[in-house]
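# Examination of the molecular architecture
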Amino acid sequence: MRIVSLDVGTKRIGVAVSDPMGMIAQPYTVIYVLHQKEKTWQKLAELLQLLEAELIVIGLPRNMNGSYGPKTEEIKAFATELQLYTKLEIVFIDERLTTVIANKALLEGNVSRKNRKEAVDAMAAALILQTYLDQRKN
């Protein structure tokens, strides 16, 4: 079973995928959010089909105190539309600090600013997915 994770932003959506056994997450790609939402849904649906996704994990933004911020409702609305479009089950997971951790890892790896901007969203999606996979084991 392949599990796909999304780090949803206003401009880009980071995508990560699990190995077939559902144990290890790896960054996969970044999809740019298009002005025509239908085309964005189409690109996501095609990618999910290509990856043979059976489940989608989406990072849900939370404040450091655990409360939900204003972005939470936008992400939930995105997930509702995506679920209607793909018919796949969606699970939410806390994404606090994933982008910060991804940026730090890429900085430590000497990834250039230009490439880091591209990679950070997919890396954050991989962190979200790995958190989900680790929690599932327990």
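Residues numbered from 1 in each chain as written. Predicted model: local features only at pLDDT ≥ 70, side-chain atom pairs only at ≥ 80, totals over all residues. Heavy atoms only, no water.

### Digging into the pattern of salt bridges
Counted under the stated rule, the structure contains 2 salt bridges. The partner of Glu74 in a salt bridge is Lys71, with the nearest N and O atoms 3.0 Å apart. Here the residue Glu74 and the residue Lys71 both occupy positions in helix 2 (residues 71–86), the gap between them amounting to 3 residues, near one helical turn. Lys71 gets classed as partly exposed once you look at its relative accessible area, which sits at 27%. (Salt bridge = Lys/Arg side-chain N within 4 Å of Asp/Glu carboxyl O. Helix = DSSP H or I, 4+ residues; strand = E, 2+ residues; numbered from the N terminus. Buried < 20%, exposed > 50% of the residue type's maximum accessible area, 1.4 Å probe, protein only.)

### With respect to the packing of helix 1 (residues 37–50) against helix 2
Direction vectors running N to C along helix 1 and helix 2 enclose 60 degrees, while the axes themselves pass 10 Å from each other. With respect to helix 2, the axis of helix 1 lies oblique. When you trace helix 1 past helix 2, the crossing you get is right-handed. Two secondary-structure elements touch here, helix 1 through Lys37, Glu38, Trp41, Gln42, Leu44, Ala45 and Leu48 and helix 2 through Phe78, Glu81, Leu82, Tyr85 and Thr86. Split by residue class, the contact of helix 1 with helix 2 holds 7 nonpolar, 2 polar and 3 charged. (Axes fitted to C-alpha atoms, helices over the stretch in contact; angles between N-to-C directions. Parallel < 35°, antiparallel > 145°, perpendicular 65-115°, else oblique. Left-handed = near helix turned anticlockwise from the far one by under 90°. Contact = heavy atoms within 4.5 Å. Nonpolar A, V, L, I, M, F, W, Y, C, P; charged D, E, K, R; others polar.)

### Considerations on the nonpolar core
Formed by 22 residues in total, the largest nonpolar core has its most connected members in Val4, Leu6, Leu44, Ile56, Ile58, Phe78 and Leu82. For this core, the elements supplying multiple residues, two or more each, are strand 1 (2–8), strand 2 (12–18), helix 1, strand 4 (53–60) and helix 2. In contact with Leu82, not counting residues within four places along its chain, are Leu6, Trp41, Leu44, Leu48, Ile56, Ile58, Lys87 and Ile90. Core analysis: the next-biggest nonpolar cluster, separate from the first, contains 13 residues, Leu55, Ile128, Leu129 and Tyr132 among them. (Core = buried A, V, L, I, M, F, W, Y, C linked by side-chain atoms within 4.5 Å.)

### Looking at a nonpolar patch on the surface
A cluster of nonpolar residues, Met21, Met23 and Ile24, forms a patch on the protein surface that exposes about 340 Å² of accessible area. Relative to the elements of secondary structure, Met21 occurs in the loop between strand 2 and strand 3 (25–32). (Patch = residues over 30% accessible without salt bridge, like charges linked within 9 Å, V, L, I, M, F, W, Y side chains within 5 Å. Areas by Shrake-Rupley, 256 points an atom, 1.4 Å probe, with all protein chains shown as cover.)

### Describing helix 2
Spanning 16 residues, helix 2 covers 22 Å between terminal C-alpha atoms, matching the ideal 22 Å at 1.5 Å per step. Taken residue by residue, helix 2 has Thr72, Ile75, Phe78, Ala79, Leu82 and Thr86 as its buried positions. Buried residues along helix 2 cover an arc of 120 degrees about the axis, so they all sit on one side. When the buried face of helix 2 is taken as reference, the exposed residues oriented beyond 90 degrees from it are Glu73 and Leu84. Just downstream of helix 2 lies Lys87, where phi reads positive at about 65 degrees. (Expected span 1.5 Å × (residues − 1). Arc of directions from axis to C-beta.)

### Some thoughts on the environment of Glu46
Summarising the element assignment, Glu46 is placed in helix 1. You can call Glu46 partly exposed: its relative accessible area is 47%. Considered as a pair, Glu46 and Thr86 are 40 residues apart in the sequence and their alpha carbons are 9.4 Å apart.

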